[in-house]
Amino acid sequence: MSLFDELNRLFRKLMADPTLSLYDFQFRTANELLDGRSVILRAPTGGGKTWAALLPFLYSRHVGEPISDRVLYALPLRSLASQLHASTLASCSNAGWSVSDEPGENKTGQLTITLQTGERQNDPFFLGDIIFTTIDQLLSSYLLTPVSLNPRLANMNAGALVGSLVVFDEFHLLDPERSMLTAIEMLDRLRPYCRFVLMTATLSDQAVTWLAQRLNAVVVDPGDAEIAQIDGGKKHGATQRMWLIEREPLTAQKVVDYHLTGGHHRTLVLTNTVNRAQDFYKELLRVKPNDINVCLLHSRFYREDRVDKEKQVIARLGKLSQDLPENFILVSTQVVEAGMDFSVDCIHTELAPANSLIQRAGRCARYGGKGTVKVYPVDDPAPYSCKEVERTLAVLAPLSEKVFSAAIEREVVNAVHGSVESEILRRFNLGVWRKKTNRAMDGLLATAAEELIRDVNSINILVTSDPEAIRFDLPDRWPEMLSVPVTTLRGFLKHTKPQDKNTWVIAVPRPPDDDSEGDMGLRFRWERFVADPPLAWLVVINPVYACYIPDLGLRLGEAGQEIPFRYIPRNAQQRYRYHCETMVQHVQTVLKEMEELSTRCACARQFLVQGLGIRQETIKIAERLAIIFHDVGKLSEEWQQPVRAWQKFKTGRLPDESLAHSDYDPEKDWHELCRFPKRPNHALEGAYASHDYLYNVFTECGGVAASVLTAIARHHKGHAKTLGRFKLIPDASSTINDLLAASQLPQIDGLRDRPTDIDFGKGGEFSKELLAASREEDQEWLPLYWYIVRLLRLADQAGSAKGGRE
C-alpha cells in the first residue's frame, strides 16, 4: 500500500467518513514532515490545514516511527484552541485511539490531547501528546517567562519545544511588530531541534518567500487548479462569493431588509469594535421582525455566557445545520474572524484591512454554494490604522460586484499588504531581536511580554459596589474578570460625569495596611475615585456607571443592577504530604521517574545528537548525573541539622543515613515548623559541589557539563543566582559514590564546599559558570540545558509526590 493510501485510510477513520479523500496539499504537507522537513502552508480558509499538520504526527505514532515527541499547536485566540481541542479529541476517538485530556496520563497506546490557555489551564507543563495552546502561552514559555506559571518555574517549559512539532496556526494574525518576529527568532534558533508548520490563509507572497528562505522551510501552496478541485468537492458545489463595496454606512435596517429580500437565511454582521457591535445589536432588536432570531458574540462575556452563545452559533450555522431551515442573524467582531467552523449566506462587515476582510469572508459559503460579502465604510477605523484601511478600500473599490476567486483574494492581499510585510521583514534584524530574547531568558527584561509578544494593553474589570467582598484568597478559585483595552477604559472615564462627589466611579486595589491580619490570605485595600483615577492591573467600576447583561456583555456608561461574583477554577498549588526519605531513597525514586519520562523524549535526544554533534550515550549520562547530583546541596551541615531536628521532633527517631525529606503534613505542621531553623537553599550549592566532577566526566565537551551544572543550580528557581555558604557532611562523597556505582558511572574523588568570598552571594563569580543566554558562547547549549532541566524538574516533582504522598 502506498503512503498516500495509508494516510488516506487513517484520515477517513479520523473523519468517520469512508468517502473522503486527502487533498493533494494535505498529502504534500504530510510527506514533507514525514521526511523531516518543516513547512510553510498557505491555503484558503476552510481548506483543511489543521489535518495537514496533525495527520503525519498521528500516522508516525501509529507505525511506531514518531516524527516528534509531541505537537505544540499554537493559535492566536483561546476560543480557537478550545474548538480544535474538542474536535481533535472526537476525531482521534473515531480512529480507534484510547484518548484522554488529562496530562500525565501518557500510557502506552493512549493519546493524550490537552488544552492550555489562560482560561483553561489544563496542561501548564505541556505534558500531553498534542497540546492546543495560545501564542502567548507558547512564546512566553520559550522566553522563560511563562504566563501561567510561577516565576520559580520559569525554565520548566522551554525544553518542551525540543523534539516537538510546533504548529503556528493563523500565522498572519500574529502581531507583525512583536509576536511574529519572536516566533521567527525562535524557529531560527530551534531549527535543528524541532520541526514546524506555519499555516496561513492571507500572508502575502513576499512574506511567504522571505520566511521560507530565512527558516529553510518548504512552501506548500495549492495552485488555482487544486483550489478549484477542493471547491468543486464541497457539498453545495464550488464557493462563489460576490463582493459588494457599499458607499453608505452599515445600519440595522439595511441588514434586515437584505436578509428578508435576498433569500439569505443565515446572516453575519461584523463590526470592528465591541461597542459598535453592542449598539448594532440593540438597534437590530428594535427593527427586526419577531421571527428572526439574533445573537451577539464578542470578547466581553463571562465564559459561561460566551460558551452558550458559541454553542448556539454552531447549532444554527455549523456544518450539520446547513440543510435545516433557519432564520438567524449573528452580530459579532473579530472573535469569529478565524477558526470558527460555521457558514452564512451573507456577511455585512465594516471596512477593515484586506487580510482581515478575507478571513471574515471565509465564514461565507464556507461549505460551498453562493454567498455575498458586503463591505461598508466607517468613520473611525479603530482598532486598525487609517492607512491600512485606505489602501484596502482603494484596491477593493474597482472590484465591487465581482466573484472573488482564491487568485483574486491573493492579488488583493499582495497589493494591500505585500510591501508593508516586506518592509517589516526587511527591517527585521535577527541579531538585535535575539539580544532582546536572550535578555528575557536571563530574567533581565521585565517587559518581555509587552516587547516581544504583544502590547498588553488591556485592563481587568469587575463591576460591583462592594469591592471588599471580592474573594482573592480562595485556594481553588479566582474571581472571573472581564477585560477591555486601556484606550476604551480611558475613553469611558473621559466621558463619564460623576453623579455627585460622593458617588465613586472606579476603585483600584492597594496592598493591605501593615497592621492587617497575617492569616487573611490575599486581601486588598480599595481606593475609590470620583475622577482622574490611576489605572492598575484591575479596576472595579461602580454599577451606577457600568453593567453586565448576559445578552449584551459588559456595557460601559450604562447603569445596571448588582450581579453575583463569578469564580473560575484555578490550579491549587500542590502541597505534598512528605514522608521521611533518605538521600539514596529519594534519588533512586527520581531516577525511576526520569527513566519513564525519558522514554517519551526519543526525538528530543535524536535532534540534540544531530544538532550538537554529541553521542546519544552522552545525553543519557547527563540525564542521570543531573538526577544524582540535583540534591547534593542537601548534604550540607547547614541543611541536615534542621531537617534532622525536625524529624526527631516529629517521630522521636532518626535514620542513620542523610535525609532528603522529613515527615511533613502541610495542613498540620506549618505552625510548628516555623519555630525550627529554616532550611537553607541547596540548588546552587549542589551545582558548586558537583562542578569539578562534571567537568572531569565531560572533559571533551564542556558545554554538556555547563548544561547539567545549570540544570542542577536552577531546578527550584528558574533564574537563581545566589550561592550560599555551606559545609558538606563527612559522608557526602560516599553517599554520592553509592549512587554513581549503582548507575555504573565514574566515582568522585571529592566534592567542593565552603565557597570563597569571590564565589559567594548574588552575582558572585560562581554564577558566571552557569549558562547565560546573553553570552554568545553559551547559546549553542541552551536547548540541551532546557531539555535536561525540564526532565529533572518533572522527575523531581513526580518522585517527591510518590515519595511523600500517602
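## A short note on the overall build of the chain
Here comes step 1: When you go through the chain residue by residue, the secondary structure sums to 26 helices and 28 strands.
Here comes step 2: Along the first, second and third principal axes, the C-alpha set of the chain runs to 90 × 75 × 50 Å.
Here comes step 3: Across the 806 residues that make up the chain, the buried fraction comes to 55%.
Here comes step 4: When contacts within the chain are restricted to residue pairs at least 6 apart in sequence, long-range pairs at least 24 apart make up 74% of them.
Here comes step 5: Surface exposure of the chain reaches about 34,400 Å², of which carbon and sulfur atoms provide 49%.
Here comes step 6: Between the averaged position of the 95 positive side-chain charges in the chain and that of its 104 negative side-chain charges there is a distance of 1 Å.

## Some words on unusual backbone geometry
Here comes step 1: Cis geometry marks the peptide bond from alanine 382 to proline 383, where omega comes out at 15 degrees.
Here comes step 2: For proline 383, the position within the fold is in the loop between β14 (369–376) and α13 (386–396).
Here comes step 3: At alanine 16, a residue that is not glycine, the phi angle is positive and equals roughly 55 degrees.
Here comes step 4: Its place among the elements puts alanine 16 in the loop between α1 (3–15) and α2 (24–34).
Here comes step 5: The exposed category is assigned to alanine 16, whose relative accessible area is 55%.
Here comes step 6: With phi around 55 degrees, glutamine 744 is a residue other than glycine that occupies positive phi space.
Here comes step 7: Tracing the backbone shows glutamine 744 in the loop between α25 (732–742) and β28 (761–762).
Here comes step 8: Accessibility expressed as a relative area gives 74% for glutamine 744, which makes it exposed.

## Let's talk about empty space enclosed by the protein
Here comes step 1: Applying the stated criterion to the full structure yields 5 cavities of 30 Å³ or more.
Here comes step 2: As a volume, the largest cavity reaches approximately 140 Å³.
Here comes step 3: Along its surface, the largest cavity is lined by Arg42, Ala43, Pro44, Thr45, Ala201, Thr202, Leu203, Ile358, Ala406, Glu409, Arg410 and Val413.
Here comes step 4: Of all the elements, helix α14 (residues 406–427) adds the most residues to the lining of the largest cavity, at 4 residues.
Here comes step 5: When its volume is computed, the second largest cavity comes out at roughly 70 Å³.
Here comes step 6: Around the second largest cavity sit Leu144, Met441, Asp442, Arg714, Gly718, His719, Leu771, Ala772, Ala773, Leu782, Tyr785 and Trp786, which together line it.

## Points about the side chain of glutamine 359
Here comes step 1: Take glutamine 359: it is sitting in helix α12 (residues 354–361).
Here comes step 2: We classify glutamine 359 as buried; its relative accessible area is 0%.
Here comes step 3: When near neighbours in sequence (up to four residues on either side) are disregarded, glutamine 359 contacts Thr45, Glu170, His172, Ala201, Thr202, Glu337 and Ala338.

## What to know about the pairing of strand β6 (residues 164–168)
Here comes step 1: In terms of residue burial, β6 counts as a mostly covered element, since 5 of its 5 residues are buried.
Here comes step 2: Residue alternation in β6 divides its side chains into two sets, Ser164, Val166 and Phe168 and Leu165 and Val167, and both sets are buried.
Here comes step 3: Direction of pairing for strand β2 (residues 70–75) relative to β6: parallel, over a ladder of 5 bridges. Directly across from arginine 70, in β6, lies its bridge partner serine 164.

## Some points on the packing of helix α6 (residues 179–190) against helix α7 (residues 205–215)
In helix packing, the relevant descriptors are the interaxial angle and the interaxial distance, both defined with respect to the helix axes.
Here comes step 1: One way to put it is that α6 packs onto α7 with a least axis distance of 10 Å and a crossing angle of 30 degrees. By the angle between their directions, the pair α6 and α7 is classed as roughly parallel. Here α6 contributes Ile184, Leu187 and Asp188 to the contact with α7, which in turn contributes Trp210, Leu211, Arg214 and Leu215.
Here comes step 2: Taken together, the residues of the contact of α6 with α7 sort by class into 5 nonpolar, no polar and 2 charged.

## Considering a positive patch on the surface
Here comes step 1: Among the surface-exposed residues, Arg152, Lys717, Lys721 and Lys762 lie close enough to one another that they form a single positively charged patch.
Here comes step 2: Residue position: arginine 152 is located in the loop between α5 (135–142) and β6.

## Concerning helix α19 (residues 602–612)
Here comes step 1: Along α19, the residues classified as buried are Cys603, Ala604, Arg605, Phe607, Leu608 and Leu612.
Here comes step 2: Looking one or two places after α19, you find glycine 613, whose phi comes out positive at around 70 degrees.

## Focus on the state of the cysteines
Here comes step 1: Applying the stated criterion to the full structure yields 0 disulfides.
Here comes step 2: Of all cysteine sulfurs, the one in cysteine 346 lies closest to cysteine 295, which takes part in no disulfide; the gap is 18 Å.
Here comes step 3: Between cysteine 346, a cysteine without a disulfide, and cysteine 364, which holds the nearest cysteine sulfur, the sulfur-to-sulfur distance is 6.6 Å.

## As for the nonpolar core
Here comes step 1: Within the largest apolar cluster, 117 residues are counted, with the highest numbers of intra-cluster contacts made by Phe168, Phe171, Phe629 and Ile736.
Here comes step 2: Tallying contributions element by element places helix α26 (residues 782–804) first for this core, with 11 residues.
Here comes step 3: In this structure, Leu296, Ile329, Leu489 and Phe529 belong to the second largest nonpolar core, which totals 48 residues.

## Section: the packing of aromatic side chains
Here comes step 1: Overall, the coordinates contain 19 aromatic pairs when judged by the stated rule.
Here comes step 2: On the basis of an interplanar angle of 55 degrees and a centroid distance of 4.6 Å, the ring pair of tyrosine 302 and tyrosine 548 is categorised as tilted. Of this pair, tyrosine 302 sits in the loop between β11 (293–297) and α11 (303–317) while tyrosine 548 sits in strand β22 (residues 546–549), and the two are 246 residues apart along the sequence.
Here comes step 3: A relative accessible area of 5% means that tyrosine 302 is categorised as buried.
Here comes step 4: For tyrosine 548, a relative accessible area of 6% puts it in the buried group.
Here comes step 5: Every member of this aromatic cluster is reached through a ring pair, and the members are Phe472, Trp478, Phe524 and Trp526.
Here comes step 6: For arginine 477, the ring lying beneath its charged end belongs to tyrosine 567, and the centroid distance is 5.5 Å.

## With respect to the pattern of salt bridges
Here comes step 1: If you walk through the whole model with that rule in mind, you get 43 salt bridges.
Here comes step 2: The salt bridge partner of arginine 454 is aspartate 136, with a shortest N-O separation of 2.5 Å. Residue arginine 454 is located in the loop between α16 (448–452) and β16 (458–463), and its partner aspartate 136 is located in helix α5; the two are separated by 318 residues in the primary sequence.
Here comes step 3: A salt bridge links lysine 727 to glutamate 637; its shortest N-O distance comes to 3.9 Å. Of this pair, lysine 727 sits in the loop between β27 (722–723) and α25 while glutamate 637 sits in helix α21 (residues 637–651), and the two are 90 residues apart along the sequence.
Here comes step 4: A relative accessible area of 25% means that glutamate 637 is categorised as partly exposed.
Here comes step 5: Through salt bridges with shared partners, one network takes in Glu185, Asp188, Arg189, Arg191, Arg214 and Arg434.

## Focus: the sheet that holds strand β1 (residues 39–42)
Here comes step 1: Spatially, the 8 strands line up as an open sheet ordered β3-β4-β5-β2-β6-β7-β1-β8, and their pairing is parallel. With partners counted over all chains shown, the strands left at the sheet margins are β3 (98–100) and β8 (218–220), one partner each. Each strand axis lies, on average, 15 degrees off the axis of its neighbour in the sheet, ignoring direction.
Here comes step 2: In terms of strand pairing, β3 meets strand β4 (residues 110–116) through 3 bridges, oriented parallel. Considered in β4, the bridge of valine 99 is made with leucine 111.

## Notes on the packing of helix α3 (residues 49–62) against helix α4 (residues 78–94)
Here comes step 1: Contact geometry of α3 with α4 gives a least axis separation of 13 Å together with a crossing angle of 45 degrees. Put simply, α3 runs oblique to α4. As for the relative orientation of α3 and α4, their crossing is right-handed in sense. Contact residues: Thr50, Trp51, Leu54 and Leu58 in α3; Leu84, Thr88, Ser91 and Cys92 in α4.
Here comes step 2: Here the contact of α3 with α4 is composed, by residue class, of 5 nonpolar, 3 polar and no charged.

Reading guide: rules and limits
Residues numbered from 1 in each chain as written. Predicted model: local features only at pLDDT ≥ 70, side-chain atom pairs only at ≥ 80, totals over all residues. Heavy atoms only, no water. Helix = DSSP H or I, 4+ residues; strand = E, 2+ residues; numbered from the N terminus. Buried < 20%, exposed > 50% of the residue type's maximum accessible area, 1.4 Å probe, protein only. Contact = heavy atoms within 4.5 Å. Areas by Shrake-Rupley, 256 points an atom, 1.4 Å probe, with all protein chains shown as cover. Lys, Arg positive; Asp, Glu negative; His and termini not counted. Charge placed at Lys NZ, Arg CZ, Asp CG, Glu CD. 1 Å grid on protein atoms, 1.4 Å probe; cavity = no way out; pocket = protein on both sides within 12 Å on 5 of 7 lines; lining within 4 Å. Points joined across faces, edges and corners; volume = space filled by probe spheres on them. Pairing = 2+ DSSP bridges. Axes fitted to C-alpha atoms, helices over the stretch in contact; angles between N-to-C directions. Parallel < 35°, antiparallel > 145°, perpendicular 65-115°, else oblique. Nonpolar A, V, L, I, M, F, W, Y, C, P; charged D, E, K, R; others polar. Patch = residues over 30% accessible without salt bridge, like charges linked within 9 Å, V, L, I, M, F, W, Y side chains within 5 Å. Salt bridge = Lys/Arg side-chain N within 4 Å of Asp/Glu carboxyl O. Disulfide = S-S within 2.5 Å. Core = buried A, V, L, I, M, F, W, Y, C linked by side-chain atoms within 4.5 Å. Phe/Tyr/Trp six-rings, centres within 6.5 Å; stacked < 30°, edge-to-face > 60°. Lys NZ or Arg CZ within 6 Å of the ring centre and 35° of its normal. Left-handed = near helix turned anticlockwise from the far one by under 90°.

Limitation: the analysis is restricted to geometry and does not speak to function.
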